[in-house]
Amino acid sequence: MPSASTRRYFLQSSAAMAASVALSRYARAEDAPANPNPKSDKPMNPYKDVRVAFVGVGGRGAGNLGEAVKEGCTPVALVDVDSKRLGEAAKKHPKARTFDDWRKMLDAMHGEIDGVLVATPDHNHAQVTMAAIRMGKHVYCEKPLTYEIWEARQIAEAARKYKVCTQMGNQHHSEDGLRSQVDAIKSGVIGAVSEVHVWTDRPAGWWPQPAKHSKELPAVPENLNYDMWIGPAAMRPYDPAYLPFKWRGWWDFGTGALGDMGCHLIDPPYWALDLDAPISVEAETEGGTKETGPKWSIIKYHFPARNGRGPVKLTWYDGGKLPPRDITDDEPLPDKKNGVIYVGEKGTLFAKTGGACERIGPRGKGVATTAPNPTLPHSPGHHAEWFRAIVTNNAEPALSNFDYSGPLTETVLLGNLAVKLGKKIVWDSEKLEVINAPEAKELIHRKRRKGWEL
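Here the structure is a predicted model, which is why all the values come from computation and not from measurement.

Calculation notes
- Residues numbered from 1 in each chain as written.
- Predicted model: local features only at pLDDT ≥ 70, side-chain atom pairs only at ≥ 80, totals over all residues.
- Heavy atoms only, no water.
- Salt bridge = Lys/Arg side-chain N within 4 Å of Asp/Glu carboxyl O.
- Helix = DSSP H or I, 4+ residues; strand = E, 2+ residues; numbered from the N terminus.
- Buried < 20%, exposed > 50% of the residue type's maximum accessible area, 1.4 Å probe, protein only.
- Pairing = 2+ DSSP bridges.
- Axes fitted to C-alpha atoms, helices over the stretch in contact; angles between N-to-C directions.
- Contact = heavy atoms within 4.5 Å.
- Phe/Tyr/Trp six-rings, centres within 6.5 Å; stacked < 30°, edge-to-face > 60°.
- Lys NZ or Arg CZ within 6 Å of the ring centre and 35° of its normal.

Draft legend 1. Molecular detail of the pattern of salt bridges. Applying the stated rule across the entire model yields 24 salt bridges. For Glu151, the salt bridge identified is with Arg448, shortest N-O distance 2.3 Å. Here Glu151 is found in helix H6 (residues 149-162), whereas its partner Arg448 is found in the segment after helix H13 (441-444), with 297 residues between them in sequence. The pair formed by Glu151 and Arg448 is uniform in burial state, with each residue classed as buried.

Draft legend 2. Here's a closer look at unusual backbone geometry. Following Lys143, the chain continues into Pro144 via a peptide bond in cis, with omega recorded as -15°. Within the secondary structure, Pro144 sits in the loop between strand S5 (138-142) and H6. The linkage connecting Gln209 with the following residue, Pro210, adopts the cis geometry, with an omega of 0°. Residue position: Pro210 is located in the loop between strand S7 (193-200) and helix H8 (226-230). Its identity is not glycine, yet Asn394 carries a phi of approximately 70°, on the positive side. The topology assignment puts Asn394 in the loop between helix H11 (382-391) and helix H12 (402-421).

Draft legend 3. Representation of the sheet that holds strand S1 (residues 51-55) within the structure. Pairing is parallel in the open sheet, where six strands are placed in the order S3-S2-S1-S4-S5-S6. Each end of this open sheet is capped by a strand with a single partner; those strands are strand S3 (97-99) and strand S6 (166-169). Sheet twist, expressed as the mean angle between neighbouring strand axes with direction ignored, is 20°. Direction of pairing for strand S4 (residues 115-118) relative to S5: parallel, over a ladder of four bridges. By the bridge assignment, Val116 is partnered in S5 with Val139. Along the sheet, helix H5 (residues 125-134) makes contact with S1, S4 and S5, crossing S5 at roughly 170°.

Draft legend 4. Seen up close, the side chain of Glu151. Overall, Glu151 belongs to the buried group, its relative accessible area being 0%. Setting aside its immediate chain neighbours within four residues, Glu151 contacts Ala126, Thr146, Arg446, Arg448 and Leu454.

Draft legend 5. Structural context of helix H7 (residues 176-186). Of all eleven residues making up H7, eight are buried, and the element is well covered by its neighbours. When H7 is considered as a whole, its buried residues turn out to be Gly177, Leu178, Arg179, Gln181, Val182, Asp183, Ala184 and Ile185. Following H7 by one or two positions, Gly188 has its phi on the positive side, about 85°.

Draft legend 6. Up close: the packing of aromatic side chains. Throughout the structure, instances matching the rule amount to 16 aromatic pairs. Ring centres of Tyr226 and Tyr238 lie 5.6 Å apart, and the angle between their planes is 85°; on these two criteria the pair is classed as edge-to-face. Here Tyr226 is found in helix H8, whereas its partner Tyr238 is found in the loop between H8 and helix H9 (256-265), with twelve residues between them in sequence. Pair check on accessibility: Tyr226 and Tyr238 agree, each one buried. Seen in terms of ring centroids, Tyr270 and Tyr404 are 5.7 Å apart; in terms of plane orientation they differ by 75°. Their pairing is edge-to-face. Taken together, the positions of Tyr270 in helix H10 (residues 267-272) and Tyr404 in helix H12 put the pair 134 residues apart, joining distant regions of the chain. Grouped by ring-pair contacts, the aromatic residues Tyr226, Trp229, Tyr238, Tyr242, Trp250 and Phe253 constitute a single cluster. Here the basic side chain of Lys420 rests over the ring of Trp251, its NZ or CZ set 4.6 Å away from the ring centre.

If you want it as structure tokens, here you go:
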């Protein structure tokens, strides 16, 4: 954020926090009558007084806007750097104020919003999220939580300091299938798990990677606030090779296949096995450059023994690469696009994205696929979990809050760090340092454009 705005936000933050969210403003979900109006079958909406500003309303942002409104909140502000996308969203929500600059929105509406939903490209996540947190606003941020590892640590710490309600947008975390998967592994249906294999079909067919610059660079489109889109990244000429969505393959803006799918697919084993931070990560790739991600990668995370379980090796595959056939006893994978395989001492289980466990291969014969005594609750919805946390003053925190999703994001992004460094890295999580690569420092905590310091 520009320094002038930073000073203004800090001056406003105390008053904003005091006025931000009073529990009495909300009807608690569990206290809401099923049918407050005897003439209507429509139940009361317990989250209608949760006022949300949406930063990014195109692409995944449009999806978040629709889903969040469906689950009950009131949109009061819409922000997007693309005036066409902003106009489309405004037609559906004409009562919400519109902006092309999230800083101006926070200045103008800090007393009229309770939460901010961030759905910008990865490199802008931390800027918007931190500004909102420091104003005492609750935040839902799309995955990955941040673009870089240092940012994830700072955001999680700030959320605790300002006592705001948070949720990261890995929506499968709230699905019954994924939660039953986590319960099954936690309950030990396949015994101690020593290996996990995770794969995705990204980026092939989704965005260009490795990416290439356009041969000719046109003028910035009139509908685009390019300076805001660049945000903390180094300024450079506009290139249509960056957007929309193609930014994910460029290292200055996106976090590649891992950033797109890692917080979905690594989430269940991270949760079920209480993985925390790895001690080392190594990567094999093809086709990447200093500017763009590789054609494919195979990344191996090594997690130490923890809380009674043994060491775990998690292997990530993208760009069409898949786990070796011997893991499934030469039987074909149930899904070649996305999936997770757990290798335990009693058997092997497979799960689709957000799905429940399935037996796989002869090693899965006779193995249970569900926990005998499930413990994880049914979710009212990923956005609704965040709304519920807000109206209950965090008595019921969302389960992908930043205390959980911050460390998960750090772990996911360590894979990209190994890709960029091109060698096995030995990780010191407490110090946020690569023990054997001091040159990693600038990749862990990047230099920002002047005026956009976090």
